[in-house]
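# Per-entry structural report
Chain by chain, the residues:
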Amino acid sequence: MIQSSELILNPDGSIYHLNLKPENIANNIIFVGDQNRVEKITKFFDNIEFSTQKREFKTQTGTYKGKRITVMSTGIGPDNIDIVMNELDALVNIDLTTRQPKENLTSLNIIRIGTSGSLQADIPVDSFVMGKFGLGLDNMLRSYLIDAITNATIEDAFIAHTNWDMKKGKPYVVACSEKLEKVFESNQIFKGITATAGGFYGPQGRVLRLNIQDEELNDKMDNFKIDDTRITNFEMETSAIYGLGQLLGHHCLSLNAIIANRATKTFSEDPYKAVDALIAYSLDKLANS
């Protein structure tokens, strides 16, 4: 039995941070970072059957073209993803009454719809990027046993190419779900490696008043390439989602609307329009899957 200190429930029996019970979620889940973006997606739904919010975690479940879908805000960063992924898995794969893992496990389909900055000059603002791989620079996932799910070839090549300082921890690389990749791919989508940082400023090469450990890291990342696969964009969630998803047996995919291009120093003139276009694209792909 999983002890109450490890699997924490609220007095009403809901899971601690997300404030959800198993019947509140669908098997198809869309992640967004911003709680205000949840309703930007669910406004397209045929109906909304459930809604709740605790802290930054806002959840709405309903149907879109007959497909039951949950939309959830995760907040920012790998630490929040650790909470969300583990608690979602507990909802479907642990009996919350007996506190025992279920014999028959459920695989969720989890699609992140986010915004991101492109590292490549030829991936313009307002385009869509799919993370074929997540490159984790954050260390969170290394609290788990991950060697069986990571791509050591890409990891080693990245470490050598960037002359990575191992005092910052060893980067890890995890692939997306091949099943979801096939559902969402099209000629509208750029594919590559989505890098996940543990912070927004220094960890992504931004300098305000503090010097950073490697001022050339972004340039090194721009020109990293392995088997025609490049690092396309930088954000703060994808590799954590992919890693925990694979460990727990869920299908995960990260899609980003590019609202900034770090290489050309440009920013979208209408980032909300770009995000809305990615939302419409994703909902239709999911509904028809």
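Residues numbered from 1 in each chain as written. Predicted model: local features only at pLDDT ≥ 70, side-chain atom pairs only at ≥ 80, totals over all residues. Heavy atoms only, no water.

## Some points on the side chain of Thr61
Stated precisely, the cut-off is as follows: Going along the chain from the N terminus, every DSSP run of H or I of four or more residues is numbered as a helix, and every run of E of two or more is numbered as a strand. Each residue gets one of three labels from its accessible area relative to the maximum for its type: buried under 20%, exposed over 50%, partly exposed in between, using a 1.4 Å probe on protein chains only. In protein, a polar contact requires one atom able to donate a hydrogen and another able to accept it; more generally it is a pair of N or O atoms within 3.5 Å, and residues adjacent in sequence count only if both atoms are side-chain atoms. Note on definitions: a residue-residue contact is assigned when non-hydrogen atoms from the two residues lie within 4.5 Å.
Along the polypeptide, Thr61 turns up in strand E3 (residues 57–64). Judged by relative accessible area, which is 0%, Thr61 ranks as buried. A polar atom in the side chain of Thr61 sits 2.7 Å from the backbone oxygen of Asn24. At 2.7 Å, the side chain of Thr61 and the side chain of Thr70 are in polar contact. Setting aside residues up to four positions removed in sequence, Thr61 forms contacts with Asn24, Ile25, Ala26, Ile48, Glu49, Phe50, Arg68, Ile69 and Thr70.

## Considering the packing of aromatic side chains
The following threshold applies: Aromatic pairing here means that ring centres of Phe, Tyr or Trp (its six-membered ring) are within 6.5 Å. Orientation follows from the plane angle: under 30 degrees is stacked, over 60 is edge-to-face, and everything else is tilted. As a reminder, the over-ring test applies to NZ of lysine and CZ of arginine, requiring each to be within 6 Å of the ring centre and within 35 degrees of the ring normal.
In this structure the tally under the stated criterion is 4 aromatic pairs. Relative to Tyr281, the ring of Phe128 lies with its centre 5.8 Å away and its plane at 55°, an arrangement referred to as tilted. One end of the pair, Phe128, is in strand E8 (residues 128–136); the other, Tyr281, is in helix H7 (residues 271–287), with 153 residues separating them in the sequence. The residues Phe128 and Tyr281 share a single accessibility class, namely buried. A ring pair is formed by Phe158 and Trp164, whose centres lie 5.8 Å apart and whose planes are at 45°; its orientation type is tilted. The class for Phe158 is buried, based on a relative accessible area of 0%. Within the aromatic cluster, the residues linked to one another by ring pairs are Phe158, Trp164 and Phe224. The positively charged end of Lys168 is found above the aromatic ring belonging to Trp164, 4.0 Å away from the centroid.

## A few points about the pattern of salt bridges
Note the following rule: In the sections that follow, a salt bridge refers to a side-chain nitrogen of Lys or Arg positioned within 4 Å of a carboxyl oxygen of Asp or Glu.
Applying the stated criterion across every chain yields a total of 12 salt bridges. For Asp284, the salt bridge is made with Lys65, and the minimal N-O distance between the two is 3.0 Å. Of the two residues, Asp284 is situated in helix H7 and Lys65 in the loop between E3 and strand E4 (67–73); the sequence distance between them amounts to 219 residues. The class of Lys65 is exposed, set by a relative accessible area of 54%. Here Glu237 and Arg112 are joined by a salt bridge, their closest N and O atoms 3.2 Å apart. Pair noted here: Glu237 is in the loop between strand E12 (229–235) and helix H6 (238–248) and Arg112 is in strand E7 (residues 109–118), with a separation of 125 residues, a long-range link. In terms of burial, Glu237 and Arg112 fall into one category: buried. Put simply, Lys132, Glu181, Glu185 and Lys191 are held in one network by salt bridges that share partners.

## A few points about the pairing of E4
The criterion, for reference: The criterion for strand pairing is that DSSP finds at least two bridges linking the strands in question.
Across the 7 residues that make up E4, a large majority, 6, are buried. Two strands pair when backbone bridges link them, and strand E1 (residues 28–32) and E4 are joined in this way by 4 bridges, in the parallel orientation. Counterpart to Ile30 in the pairing with E4 is Val71. Where E3 meets E4, 6 bridges bridge the pair, whose relative direction is antiparallel. Following the sheet pairing, Thr63 is matched in E4 by Arg68. Hairpin connection from E3 to E4: 2 residues lie between these consecutive antiparallel strands, with Lys65 at a positive phi of about 50°.

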